[in-house]
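# Survey of secondary and tertiary structure
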Amino acid sequence: LFFKKTYSTLSSAEIVAKEKSNMTEDRFEHCIGVSKTAQKLAELNHYDEDKAALAGFIHDYAKQVSVEDYREVIKTKGFDQDLLNWNRSIWHGIVGTYFIQRDLKITDSEILTAVRRHTTADVEMTTLDKIVFMADYIEPGRSFPGVEEARKITYANLDKGVGYQLAHTLEFLIEKRDKIYPRTLDAYNVWGIEE
Ligand code: GDP
Ligand code: FE
Ligand code: FE
Ligand code: FE
């Protein structure tokens, strides 16, 4: 595991070590899968492969930060206080970038935006945002009904993959009678509609 450019004052090895120590083994394996898949999607979509690999690798860095730490950061670091009504599923992207900047010293705004958007997506999505969003969904460790179709669609057309994921995530959340983060719905209205 090695990144040529780390977009950080830390070395590649230091980033890998910090990532590993901040999560479970399973989550770490997932991040490696997302990194490799992001690299492949970057190649297919003519994007910087090394940058996509790094963004994919760190995307869930803050997934297992404690609820207390999240609440404290949301209250004191200038975040929208409505975030206090949500949970770590939503926080680890949007607020997770706080910990990524603090601990991994990553300052690149494209990478931070891709992390911010990796769970909910957004109305505006850059190529890197789409790559990380989709790599997270289809990396080899993922197994859910429809994942093979999601892979096929995404490798053929990245934008259609984004629409597929948003539609299926909304179906899944509604099935569970879970709360929809408004940005997820806004993103669906842009990327999910077929006409
Ligand atoms: P992971 O971090 O690799 O597990 O994947 P994600 O970051 O993509 O998603 C984390 C969780 O957030 C998943 O279980 C999604 O279904 C869930 N999620 C995505 N959008 C929403 C939303 O609008 N509302 C809620 N409640 N959960 C969401
Ligand atoms: Fe995530
Ligand atoms: Fe995701
Ligand atoms: Fe993930």
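Residues numbered from 1 in each chain as written. Chains lettered and ligands numbered in written order. Predicted model: local features only at pLDDT ≥ 70, side-chain atom pairs only at ≥ 80, totals over all residues. Heavy atoms only, no water.

### Regarding the site of ligand 1
- Neighbouring residues of ligand 1: 19 residues in total, closest Lys63, Thr119, Arg142, Tyr181 and Thr184.
- Contacts to ligand 1 include histidine 92, whose side-chain N or O atom sits 3.0 Å from an oxygen atom.
- In the environment of ligand 1, an oxygen atom lies 3.0 Å from a nitrogen or oxygen atom belonging to the side chain of histidine 118.
- Burial of ligand 1 by the protein amounts to 86% of the accessible area it has alone, namely 580 Å².
- Listed by contribution, the elements that provide at least two residues to the shell around ligand 1 are helix H2 (25-44), helix H5 (88-94) and helix H10 (158-175).
- Its residues assigned to classes, the shell around ligand 1 shows 5 nonpolar, 7 polar and 7 charged. (Near = heavy atom within 4 Å. Polar contact = N/O pair within 3.5 Å; in protein donor to acceptor, adjacent residues only side chain to side chain. Areas by Shrake-Rupley, 256 points an atom, 1.4 Å probe, with all protein chains shown as cover. Helix = DSSP H or I, 4+ residues; strand = E, 2+ residues; numbered from the N terminus. Nonpolar A, V, L, I, M, F, W, Y, C, P; charged D, E, K, R; others polar.)

### Some thoughts on the coordination of the iron ion (ligand 3)
- Taken together, His118 (O) and Asp136 (OD) make up the protein donors of the iron ion (ligand 3), found 2.3 to 2.7 Å from the metal.
- A separation of 5.2 Å is found between the iron ion (ligand 3) and the iron ion (ligand 2), which share histidine 118 as a coordinating residue. One end of the pair, histidine 118, is in the loop between helix H7 (109-116) and helix H8 (127-138); the other, aspartate 136, is in helix H8, and 18 residues separate them in sequence. The pair formed by histidine 118 and aspartate 136 is uniform in burial state, with each residue classed as buried. (Donors = N, O, S within 2.8 Å, 3.2 Å for Na, K, Ca; no water. Buried < 20%, exposed > 50% of the residue type's maximum accessible area, 1.4 Å probe, protein only.)

### Focus: the nonpolar core
- Grouped together as the largest cluster of nonpolar side chains are 60 residues, with contacts concentrated most on Phe57, Ile58, Leu83, Val95 and Ile106.
- Considering each element in turn, this core owes the most residues, 8 residues, to H8.
- Apart from the residues within four sequence positions on either side, isoleucine 58 is in contact with Ile15, Glu19, Ile100, Leu104, Ile106, Ile111 and Val115. (Core = buried A, V, L, I, M, F, W, Y, C linked by side-chain atoms within 4.5 Å. Contact = heavy atoms within 4.5 Å.)

### Digging into the packing of helix H6 (residues 96-104) against H7
- Here H6 crosses H7 at 145°, and the two axes come no closer than 9 Å. Pair H6 / H7 crosses with right-handed handedness. On the side of H6, the interface is formed by Thr97, Ile100 and Gln101, while H7 contributes Leu112, Val115 and Arg116.
- Of the residues belonging to the contact of H6 with H7, the class tally is 3 nonpolar, 2 polar and 1 charged. (Axes fitted to C-alpha atoms, helices over the stretch in contact; angles between N-to-C directions. Left-handed = near helix turned anticlockwise from the far one by under 90°.)

### Focus: the coordination of the iron ion (ligand 4)
- Distances from the iron ion (ligand 4) to its protein donors, His30 (NE2), His59 (NE2), Asp60 (OD) and Asp136 (OD), fall within 2.1 to 2.2 Å.
- Here the donor residues of the iron ion (ligand 4) share one chain and are spaced in sequence as H-x28-H-D-x75-D.
- The two metals, the iron ion (ligand 4) and the iron ion (ligand 2), are separated by 3.4 Å and share aspartate 60 as a common coordinating residue. With aspartate 60 in the loop between helix H3 (49-58) and helix H4 (67-76) and aspartate 136 in helix H8, this residue pair connects regions lying 76 residues apart in the sequence. Both residues of the pair, aspartate 60 and aspartate 136, count as buried.

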